[in-house]
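The primary structure of each chain is shown beneath.
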Amino acid sequence: MKMLNSVRAKLTALYVGILAFVLIAFAALTYFLVVRVLADTADENLAEMTRNFKTALAAERADKTEESSFENDVREAIDESRFHDYVFAVYAADDNRRIASTSDNADLDAAFLKTAAPSYSLINTGNNSFRVHAVPLESGADKYRLFVLYSLKDQTDFLERLRSIFFVAVPLALLLSGLGGYFLAGKSLAPVVDMSRRAATISATNLHARLPVKNEKDELGNLARIFNALLERLEGAFEQLENASEQQRRFMADASHELRTPLAIVRGESEVTLAKENRTAAEYRESLAVVHDESKRLTRIVEDLFTLARADAGQFRANFAEIYLDEILSDCVRAVRVLAEKRNVSLNLFINQEMPMRGDEQLLRRLFINLLDNAIKYNRAGGAVSIAAEKTSENYRVTVGDTGAGISKDEQTKIFERFYRADKARSRNETSATGGAGLGLAIAQWIASLHDGKIELVSSNETGSVFGVAFPIRKAENSNRTRIV
Ligand code: ADP
């Protein structure tokens, strides 16, 4: 509020400042123009009066009805030239003798005589000032000077009035326009004040609130729109943050739930075994085997959790190198052979070409082991798993198909979620050491995307499921095709 008020004051001050400059310049200009015009008019009038006097004098001189001296004619002419605002006076040039004058002001006499003729000049006498036109007059060898004076009293009075009008009018105009400006600035800033007041009420609990946009096209409407867009983004980010922390919370809950089960088995098994004083070596061996299996399972879960946590934090350092996908697939098949034999599941691998690509060998191995592991685990006894890899124009495509019971429709969308297991009891009871925590497919998906690839459930029904993984083939790998290892 304080700041807005000061913007208001600043605007008003600026406005009044500019106006003061304009008004003072205008008043000064007007005043000096008037002074100039008055002075010019005064001089013109003096010249006119001088001409009139000379005409009158010439008429006197020409009047032959009476014999008259030049000085007498001058006196006659002066008598005729009495005009209200003007003073006429004639002096002899050599001895400054006054011949005639329409004024008997002695101060003027002294002042006249100091002025040279011809000239226009100013004379100040006490409380009055005059404009004087001094002109030489001649009659034969005798020389005289004619002075025509015009009292500047009216002009001075007028200028004084003009000055006092300006001195009152300019500050008054500035005061009024300052008030007007302050009012206008306040009025145009009012929506901003309103907006800031509303914006101040927006917090995390009502991020959905928006500022009203009165006119989309004006600056304030634009500001409100931009502000609303900012709120929109903020709200989105906030929601994401809330979702993320909700996810984090769920992740923690699920993780501890998954860890609790094997821990409970280890504890129960050891308690039961230790409860009896004496046990046979075979009994100890048996329960240690259970403890071993469960700790293997725990290790796997913890490793998976660790991988996902680092993947989420963006801290996972993948080890990318030139690798051969076909070799990795063969290795993976070899690695799960024991498990497959144990479950009486046959493994069939179909690859007929080399598949060089850039990737992280460890991670890709993990991806396919997870898929193969599932294909064996969720298969029926005596079933089959087939792995096929082919090259299309853009991708390497690997499919892992099994002859298991399939995944129901509503579960198909969820299996890639973390901790999701279709039938929790089933997987845990069957082989506890290999039964995962529902993280296998989530990790596989992350690894695929790390390689710009995609993983999907291609099909699934009661006779089996097919998972597909595709990696894009980059141009460089195309030209590398003939490489021999
Ligand atoms: P898990 O550790 O339980 O195997 P996964 O993320 O690998 O976790 O798989 C999630 C769930 O998807 C499994 O619990 C299982 O119910 C289902 N699933 C995965 N692969 C298959 C498959 N080949 N056939 C049937 N169900 C499968």
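Residues numbered from 1 in each chain as written. Predicted model: local features only at pLDDT ≥ 70, side-chain atom pairs only at ≥ 80, totals over all residues. Heavy atoms only, no water.

### Thoughts on the pairing of strand 10 (residues 395–402)
Then comes step 1: The pairing of strand 9 (residues 384–391) with strand 10 spans seven bridges and is antiparallel. When the bridges of strand 10 are listed, alanine 388 appears paired with threonine 399.
Then comes step 2: Two successive antiparallel strands, strand 9 and strand 10, enclose a turn made up of three residues.
Then comes step 3: One ladder, built from seven bridges, connects strand 10 with strand 12 (residues 464–472); its direction is antiparallel. (Pairing = 2+ DSSP bridges. Helix = DSSP H or I, 4+ residues; strand = E, 2+ residues; numbered from the N terminus.)

### Some remarks on the sheet that holds strand 3 (residues 119–125)
Then comes step 1: One open sheet accounts for five strands, arranged 2-1-5-4-3; its pairing is antiparallel. In this open sheet, the two edge strands, each paired with only one partner strand, are strand 2 (98–101) and strand 3. In this sheet, neighbouring strand axes are inclined to one another by 25° on average, regardless of whether the strands run parallel or antiparallel.
Then comes step 2: In the sheet, strand 4 (residues 128–139) pairs with strand 5 (residues 142–151) via 10 bridges, with the strands oriented antiparallel. Looking at the pairing, alanine 134 lines up with phenylalanine 147 of strand 5.
Then comes step 3: Lying over the sheet, helix 2 (residues 70–80) contacts strand 1 (86–92), strand 2, strand 4 and strand 5, oriented at roughly 20° with respect to strand 2. (Axes fitted to C-alpha atoms, helices over the stretch in contact; angles between N-to-C directions. Contact = heavy atoms within 4.5 Å.)

### Quick word on the packing of aromatic side chains
Then comes step 1: Using the criterion set out here, one finds nine aromatic pairs in the structure.
Then comes step 2: Measuring from ring centre to ring centre gives 5.6 Å for tyrosine 31 and phenylalanine 32, while their planes differ by 80°; the resulting arrangement is edge-to-face.
Then comes step 3: Taking 5.0 Å as the distance between ring centres and 35° as the angle between the ring planes, the aromatic pair formed by phenylalanine 70 and tyrosine 144 counts as tilted. Taken together, the residues span a long stretch of sequence, with phenylalanine 70 in helix 2 and tyrosine 144 in strand 5 at a distance of 74 residues. This pair shows no difference in class: phenylalanine 70 is buried, exactly as tyrosine 144 is.
Then comes step 4: Between arginine 8 and the ring centre of tyrosine 182, over which it is positioned, the NZ or CZ distance is 3.9 Å. (Phe/Tyr/Trp six-rings, centres within 6.5 Å; stacked < 30°, edge-to-face > 60°. Buried < 20%, exposed > 50% of the residue type's maximum accessible area, 1.4 Å probe, protein only. Lys NZ or Arg CZ within 6 Å of the ring centre and 35° of its normal.)

### Quick word on helix 5 (residues 219–275)
Then comes step 1: Over its 57 residues, helix 5 extends 82 Å from the first C-alpha to the last, a length consistent with the 84 Å expected when each residue adds 1.5 Å.
Then comes step 2: Among all positions of helix 5, only Gly221, Ala224, Asn228, Leu231, Glu235, Phe251, Ala255, Glu258, Thr261, Pro262 and Thr273 are buried. (Expected span 1.5 Å × (residues − 1).)

### A few points about helix 9 (residues 361–377)
Then comes step 1: In this model helix 9 runs 24 Å from its N-terminal to its C-terminal C-alpha over 17 residues, within 8% of the 24 Å that 1.5 Å per residue would give.
Then comes step 2: Burial within helix 9 is extensive, with 12 of its 17 residues counted as buried.
Then comes step 3: Of all the residues in helix 9, the buried ones are Leu363, Leu364, Leu367, Phe368, Asn370, Leu371, Leu372, Asp373, Asn374, Ala375, Ile376 and Lys377.
Then comes step 4: Where helix 9 begins, one side-chain oxygen reaches toward the backbone nitrogen of glutamine 362, 3.0 Å away; that side chain belongs to aspartate 360. (Polar contact = N/O pair within 3.5 Å; in protein donor to acceptor, adjacent residues only side chain to side chain.)

### Considerations on the site of the ligand
Then comes step 1: With respect to spatial proximity, 19 residues lie near the ligand, and among them Asn374, Asp402, Arg421, Ala422 and Leu441 are the closest.
Then comes step 2: Between the ligand and tyrosine 378 there is a distance of 2.9 Å, counted from an oxygen atom to a side-chain nitrogen or oxygen.
Then comes step 3: Between leucine 441 and the ligand, the recorded distance is 2.8 Å, taken from a backbone N or O atom to an oxygen atom.
Then comes step 4: Relative to its unbound accessible area of 530 Å², the ligand is 98% covered by the protein chains.
Then comes step 5: Elements represented by at least two residues in the shell around the ligand include exactly helix 9, helix 12 (440–450) and strand 12. (Near = heavy atom within 4 Å. Areas by Shrake-Rupley, 256 points an atom, 1.4 Å probe, with all protein chains shown as cover.)

### Digging into a nonpolar patch on the surface
Then comes step 1: Together, Leu14, Ile18, Phe21 and Val22 make up a nonpolar patch on the protein surface, roughly 450 Å² of accessible area in all.
Then comes step 2: For phenylalanine 21, the position within the fold is in helix 1 (residues 2–62).
Then comes step 3: Taking relative accessible area as the criterion, phenylalanine 21 reaches 64% and is therefore assigned exposed. (Patch = residues over 30% accessible without salt bridge, like charges linked within 9 Å, V, L, I, M, F, W, Y side chains within 5 Å. Salt bridge = Lys/Arg side-chain N within 4 Å of Asp/Glu carboxyl O.)

### Comments concerning the sheet that holds strand 11 (residues 454–461)
Then comes step 1: As summarised here, the arrangement of the five strands in space is 7-9-10-12-11, forming an open sheet in which the pairing is mixed. If you trace the sheet from one side to the other, it starts and ends with strand 7 (346–350) and strand 11, each paired once. Here the strands of the sheet are splayed against their neighbours by 15° on average, with no regard to which way each runs.
Then comes step 2: Taken together, the five bridges between strand 7 and strand 9 define a ladder with parallel strand orientation. Considered in strand 9, the bridge of phenylalanine 350 is made with alanine 388.

None of the figures reported here should be taken as evidence of function without further support.
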